[in-house]
Amino acid sequence: MMKFALSPRRVFAGFALIPLALLAEALILQHLKGQAPCPLCVLQRAGFVLVALIALAGAIQQPQRRGAVGYAAALALAALAGMGVAIRHVWVLYHPKFGCGIDVLEQFVNDLPTAKLVPWLFHASGECTSPHEPILGLQVPEWSLIWFGLLFLAAMVFAFNSLSAARAGAAA
């Protein structure tokens, strides 16, 4: 039986490609389909950027064993933070009277340095409660929640696998 193992570099590259592809889709929805991002959308984008940056750093450094565990844990924490924002956004979608609207959160997000440096990606100008055309039956924040959940689970599995390899390497 052939054993299939991926190097940490390839795993981290895969972790980077997923959020970058999701960010590309977000930009298509924003710039080609006219769906303005709300403050919670922008914070979710920041979460995907953070996951991608951590994964790219891991792919470049090529950590082994405990180093890979550290990067995987950082990926899991970033995905968990993104999940928190996505959960709030999904809740706001189903409870529109509690929406974020044009409020302090939008001003805060638009005053962040990222909104000034990369406005085409991080500038909030939409309403959190605005319904958009569903993608395969789900709204964008629901998809975001699913992807953050999958990234979190995959990072945890990778962390535990790397930890097992580190323990096995230390015992040998």
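Now for a look at the structure at hand. (Residues numbered from 1 in each chain as written. Predicted model: local features only at pLDDT ≥ 70, side-chain atom pairs only at ≥ 80, totals over all residues. Heavy atoms only, no water.)

**Describing the layout of surface pockets**
Alright, step 1. The space that makes up the largest pocket amounts to roughly 510 Å³.
Alright, step 2. Around the largest pocket, the lining comprises 27 residues; the ones closest to its centre are Ala26, Leu29, Val140, Pro141 and Ser144.
Alright, step 3. For the lining of the largest pocket, the elements supplying multiple residues, two or more each, are α1 (8-31), α2 (39-61), α3 (66-94) and α7 (140-171).
Alright, step 4. By volume, the second largest pocket amounts to about 260 Å³.
Alright, step 5. Lining the second largest pocket are Leu6, Pro8, Val11, Gln64, Arg65, Ala68, Val157, Phe158, Asn161, Ser162 and Ala165.
Alright, step 6. Taken together, the elements giving at least two residues each to the lining of the second largest pocket come down to α1 and α7.
Alright, step 7. With five residues, α7 is the single largest residue contributor to the lining of the second largest pocket.
Alright, step 8. Within the lining of the second largest pocket, the residues separate by chemical class into seven nonpolar, three polar and one charged. (1 Å grid on protein atoms, 1.4 Å probe; cavity = no way out; pocket = protein on both sides within 12 Å on 5 of 7 lines; lining within 4 Å. Points joined across faces, edges and corners; volume = space filled by probe spheres on them. Helix = DSSP H or I, 4+ residues; strand = E, 2+ residues; numbered from the N terminus. Nonpolar A, V, L, I, M, F, W, Y, C, P; charged D, E, K, R; others polar.)

**Observations concerning the environment of alanine 154**
Alright, step 1. Structurally, alanine 154 is set in helix α7.
Alright, step 2. Overall, the relative accessible area of 35% leaves alanine 154 in the partly exposed class.
Alright, step 3. Note: C-alpha distance between alanine 154 and leucine 75 (79 residues apart in sequence) is 9.3 Å. (Buried < 20%, exposed > 50% of the residue type's maximum accessible area, 1.4 Å probe, protein only.)

**Section: the side chain of arginine 45**
Alright, step 1. On the secondary structure map, arginine 45 appears in helix α2.
Alright, step 2. It turns out arginine 45 is buried and unbridged, and the closest side chain with the opposite charge, glutamate 25, is 9.8 Å from it.
Alright, step 3. Apart from the residues lying within four places of it in its own chain, the contact partners of arginine 45 are Leu23, Ala26, Leu27, Gln30, Pro37, Trp120, Leu121 and Phe122. (Lys, Arg positive; Asp, Glu negative; His and termini not counted. Salt bridge = Lys/Arg side-chain N within 4 Å of Asp/Glu carboxyl O. Contact = heavy atoms within 4.5 Å.)

Don't take any of this as a statement about function, it's just geometry.
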